[in-house]
Protein chains: 2
Amino acid sequence: MSDQRDKILACACDLYLESGFEGFSMRKLAGCVGVTAPALYRHYASKERVLVDVIGEAYQRMAAHLYRALEGRTPVERIRMAGMGYLTFAVEHPRLYEVLFASPDLMGMQEAPQELESQWCALGQFWKDRVRECIDSGALRDGEPEAIAMTMWAHAHGLISLYLSGMLRVSREEFAGVYRTSVRRMLAGIATPAYLAEIETEASHR
Amino acid sequence: MSDQRDKILACACDLYLESGFEGFSMRKLAGCVGVTAPALYRHYASKERVLVDVIGEAYQRMAAHLYRALEGRTPVERIRMAGMGYLTFAVEHPRLYEVLFASPDLMGMQEAPQELESQWCALGQFWKDRVRECIDSGALRDGEPEAIAMTMWAHAHGLISLYLSGMLRVSREEFAGVYRTSVRRMLAGIATPAYLAEIETEASHR
DNA sequence: GTCTATAATCCGATAGAC
DNA sequence: GTCTATCGGATTATAGAC
């Protein structure tokens, strides 16, 4: 039944990993599957529906990678494993990582389908949970878990994006160390106490 | 002379801003300029050479936007203005911002031409300078200016990328506030002193 | 459910006249 | 320096036989 559809999806993931978005075509996909192009339209209405499923698959693989961190035995261990898992997934599967953030119009769609939205929310909840339990255990400062998770996520995503774009002049081996160092810098803070006192005064005057 | 070439480049920027990379073609570009497609090849050897110039133009506009921050009268004022300038440029010109980080193969090239590399280095130097003078003035903690600039840049770029991808559930008006808050959180640090002491011990044991 | 054949477009780039 | 005409290729998607 949808056995063939699964086979098509698997080939579509492989094809995307090899060729990226640009080189992805229904003809090539058909070639990978071992059928002709029109046969694909028995299982998928259009090319974009195939790509939506590819992105959904990327979400699931990312999630499976991250959820291993739940095996950690303390909140700190879990959030660390999650952070490193995020890094290794992105570095080992850069194309899958990139596709998670692909703008919908890049694949000929107006907006992201609701299917992908909910998968995204699940990941957001995961990070929020990791931060919350670290606050409760006294490792992270008190604050809104969602906002803190956003700051940490922004840093991680930005650093990984810069690395994948080739803007950082570091090798793949060096990057893991750079990542850890930068996370630590963010955890410790960048400004001096004197400057922090100054902007705190400023903020309270508003 | 290159009067016509300038006109082509201006139209190419407009066309890219409207259509993005996907909808960009030499035929459409010719239509914007008001000539036929073959005429373009008198001024540009290929489509990719046009796109390289578009990216170069984006760099120059970004740089011009950032360099206004040099009018600030203190190191802190300058780095703040630069940080907010980075934000406003990205939000007001999202396509130009995105193209700065476009992977070369997305426009059919193997690697970024050296012309763009050097423009990139200039921006890197600008940020390094901003951080260094803030360290010297006692606003930022001591450390390698380049590494600190990277952490700050990663955070800013990541947050902006998430916003532009629509992954943050905030409006454009809200985003400036979210950005400032997140920067402040990064400046102050996220972890508790107790946890920081713990990982410092750990690091020294290696 | 898969095939052959094909419609209907779009693309980058070139040849040669003017 | 621009034009017309065209080459050679790609693409999505459909029609109809089997």
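Above this note sits the structure.
This text gives an overview of the structure that appears in the document.

Conventions we followed
Residues numbered from 1 in each chain as written. Chains lettered and ligands numbered in written order. Predicted model: local features only at pLDDT ≥ 70, side-chain atom pairs only at ≥ 80, totals over all residues. Heavy atoms only, no water. Buried < 20%, exposed > 50% of the residue type's maximum accessible area, 1.4 Å probe, protein only. Helix = DSSP H or I, 4+ residues; strand = E, 2+ residues; numbered from the N terminus. Arc of directions from axis to C-beta. Contact = heavy atoms within 4.5 Å. Buried area = accessible area lost by both parts, 1.4 Å probe. Salt bridge = Lys/Arg side-chain N within 4 Å of Asp/Glu carboxyl O. Polar contact = N/O pair within 3.5 Å; in protein donor to acceptor, adjacent residues only side chain to side chain. Core = buried A, V, L, I, M, F, W, Y, C linked by side-chain atoms within 4.5 Å. Near = heavy atom within 4 Å. Nonpolar A, V, L, I, M, F, W, Y, C, P; charged D, E, K, R; others polar.

1. Some thoughts on helix 2 (residues 26–33) of chain B
For an α-helix, 3.6 residues make a turn, and residues three or four places apart therefore share a direction.
All names here are of chain B.
No. 1: Every buried residue of helix 2 is listed here: Met26, Leu29, Ala30 and Val33. Along the axis of helix 2, the buried positions cluster into a sector of 100 degrees, meaning they face one direction only. The exposed set on the far side of helix 2, more than 90 degrees from its buried face, consists of Arg27 and Gly31.
No. 2: The elements touched by buried residues of helix 2 are helix 1 (3–19), helix 3 (37–40) and helix 4 (47–67).
No. 3: Where helix 2 ends, the next residue or the one after it, glycine 34, has phi of about 100 degrees, a positive value.

2. Looking at the interface of chain A and chain B
No. 1: In this assembly, 49 residues from chain A lie in contact with 49 residues from chain B.
No. 2: Carbon and sulfur atoms make up 61% of the area that chain A and chain B hide from each other, which totals about 4700 Å².
No. 3: Interface area lost by chain A to chain B is led by Arg141(A), Met167(A) and Ile190(A), which between them contribute 14%.
No. 4: One can count four salt bridges joining chain A with chain B.
No. 5: As a salt-bridge pair, Arg169(B) and Glu117(A) come within 3.0 Å of each other at their nearest N and O atoms.
No. 6: Here chain A and chain B share 26 residue pairs in polar contact (both at pLDDT 80 or more) between them.

3. Considering the nonpolar core
No. 1: Counting 151 residues, the largest nonpolar core has Leu29(A), Tyr86(A), Phe175(A), Leu29(B), Tyr86(B) and Phe175(B) as its most contacted members.
No. 2: Leave out the neighbours within four places in its chain, and Tyr86(B) touches Met62(B), Leu66(B), Tyr97(B), Phe101(B), Trp127(B), Trp153(B), Ala156(B), His157(B), Ile160(B) and Tyr179(B).

4. Quick word on the environment of Glu117(B)
No. 1: Within the secondary structure, Glu117(B) is located in helix 7 (residues 114–136).
No. 2: It is 10.0 Å that separates the C-alpha atoms of Glu117(B) and Gly56(B), two residues lying 61 residues apart in sequence.
No. 3: Glu117(B) has contacts with Arg169(A) and Ala112(B), leaving out every residue within four places of it along the chain.

5. A closer look at the environment of Cys13(A)
Residue and element names in this part refer to chain A.
No. 1: With respect to the element layout, cysteine 13 can be found in helix 1 (residues 3–19).
No. 2: Given a relative accessible area of 2%, cysteine 13 falls into the buried group.
No. 3: Residues cysteine 13 and glutamate 115 lie 102 residues apart in sequence; the distance between their C-alpha atoms is 18 Å.
No. 4: Excluding residues that lie within four positions of it along the chain, cysteine 13 makes contacts with Val54, Glu57 and Arg61.

6. Digging into the protein's contact with DNA strand D
No. 1: Around DNA strand D there are 15 residues in total, and Arg27(A), Pro38(A), Tyr41(A), Thr36(B) and Arg42(B) lie nearest to it.
No. 2: Within the side chain of Ser25(A), one N or O atom sits 3.1 Å away from a phosphate oxygen of DNA strand D.
No. 3: The side chain of Tyr41(A) places a nitrogen or oxygen atom 2.9 Å from a phosphate oxygen of DNA strand D.
No. 4: Listing elements by their share of the surface near DNA strand D, those giving two or more residues are helix 2 (26–33) of chain A together with helix 3 of chain B.
No. 5: Ranked by the residues each element gives to the surface near DNA strand D, the list is headed by helix 2 of chain A, at three residues.
No. 6: Residue classes in the surface near DNA strand D are distributed as six nonpolar, five polar and four charged.

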